[in-house]
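Residue-level listing of the chains:
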Amino acid sequence: MIPFNHLGWLFNRFGNAVYPRTVIEAIYGAVRPVQSGGSVLDLGAGTGIAAAHAYRYRRDLRYVAVDPAEGMLRYVPDPIETVCAGAEALPFASASFDALLLCEALHHFNDPDAAFIEIARVLKADGVLFIYEFDPSTLPGRLLSRSEKLLGEPGHFYPSEMLVNTLETHGFNITAQQTGWRYTLTASLKRSAEK
Ligand SMILES: C[S@@+](CC[C@H](N)C(=O)[O-])C[C@H]1O[C@@H](n2cnc3c(N)ncnc32)[C@H](O)[C@@H]1O
């Protein structure tokens, strides 16, 4: 297992380096439609890098960073709120969030399907889900996936098309964007399209 609880300093120092400009702009795009005063959840937030990027673009929103590792959350900057919890059991009421950022974290979850059920539950009907992940069908993605499995991580790395199909079964419409060996997905719940 990767000891995230002891790696907050490392992510705080170097974590931003794995956020290319295209991904940062895609995060801006995900929070752009949120109405002023709306709420954004950064799930598997670590030190809150994704929420901090979104905050730089939209200071009029409320941000909540969720992670089971207190040692990561310790570095989350103000005014982002922190909650120590796992993605598989989120301590929030249904339909609490207008946008949810899930960056470089999904492959660490023990039970991604349970997390998708929770994500769909806590998002509002017209909420936006943004995912940033590594593509295991590319060489760097495959090497990363193997290395993490050697370290005892769950290693739930999905190729983009597989994650699109999985999210569709959880009721999402998805737009995918490939950025080299990484990709982003921006998804909305189908129930909002049916409104
Ligand atoms: C590689 S870090 C990414 C952190 C941050 N999103 C970023 O982009 O820097 C993965 C994070 O996922 C968190 N994590 C692991 N299992 C989790 C779970 N079941 N639910 C929520 N977060 C989890 C870890 O504690 C860690 O902070």
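Because the structure is predicted, anything quoted here is derived from the model rather than measured. (Residues numbered from 1 in each chain as written. Predicted model: local features only at pLDDT ≥ 70, side-chain atom pairs only at ≥ 80, totals over all residues. Heavy atoms only, no water.)

Asks: Describe helix 2 (residues 21–31), listing the residues and the values that go with them.
Replies: All of the buried residues in helix 2 are Val23, Ile24, Ala26, Ile27, Tyr28, Ala30 and Val31. Next to the buried residues of helix 2 lie strand 1 (39–43), helix 3 (49–57), strand 4 (97–103), strand 5 (123–134), strand 6 (172–179) and strand 7 (182–189). (Buried < 20%, exposed > 50% of the residue type's maximum accessible area, 1.4 Å probe, protein only. Helix = DSSP H or I, 4+ residues; strand = E, 2+ residues; numbered from the N terminus. Contact = heavy atoms within 4.5 Å.)

Asks: For the side chain of arginine 58, give the residues involved together with the corresponding values.
Replies: Within the element layout of this structure, arginine 58 appears in the loop between helix 3 and strand 2 (62–67). In terms of polar contacts, arginine 58 uses its side chain to reach the side chain of aspartate 60, at 2.8 Å. Beyond its immediate sequence surroundings of up to four residues, arginine 58 is in contact with Val31, Arg32, Val34, Gln35, Ser36 and Tyr63. (Polar contact = N/O pair within 3.5 Å; in protein donor to acceptor, adjacent residues only side chain to side chain.)

Asks: Describe helix 3, listing the residues and the values that go with them.
Replies: For helix 3, every residue scored as buried is listed here: Ile49, Ala50, Ala51, Ala52, His53 and Ala54. Where helix 3 is buried, its residues contact helix 1 (8–14), helix 2, strand 1, strand 2 and strand 4.

Asks: Account for the packing of helix 2 against helix 3, naming residues and giving values.
Replies: Taken N-terminus to C-terminus, the directions of helix 2 and helix 3 make an angle of 65 degrees; their axes are 9 Å apart at the nearest point. Accordingly, the angle class assigned to the pair helix 2 and helix 3 is roughly perpendicular. Considering how the two elements wind past one another, helix 2 and helix 3 form a crossing that is right-handed. In this structure, helix 2 contributes Ile24, Ile27, Tyr28 and Val31 to the contact, and helix 3 contributes Ala50, His53, Ala54 and Tyr57. Among the residues making up the contact of helix 2 with helix 3, the classes are represented as 7 nonpolar, 1 polar and no charged. (Axes fitted to C-alpha atoms, helices over the stretch in contact; angles between N-to-C directions. Parallel < 35°, antiparallel > 145°, perpendicular 65-115°, else oblique. Left-handed = near helix turned anticlockwise from the far one by under 90°. Nonpolar A, V, L, I, M, F, W, Y, C, P; charged D, E, K, R; others polar.)

Such coordinate-based values are descriptive only and should not be taken to indicate function.
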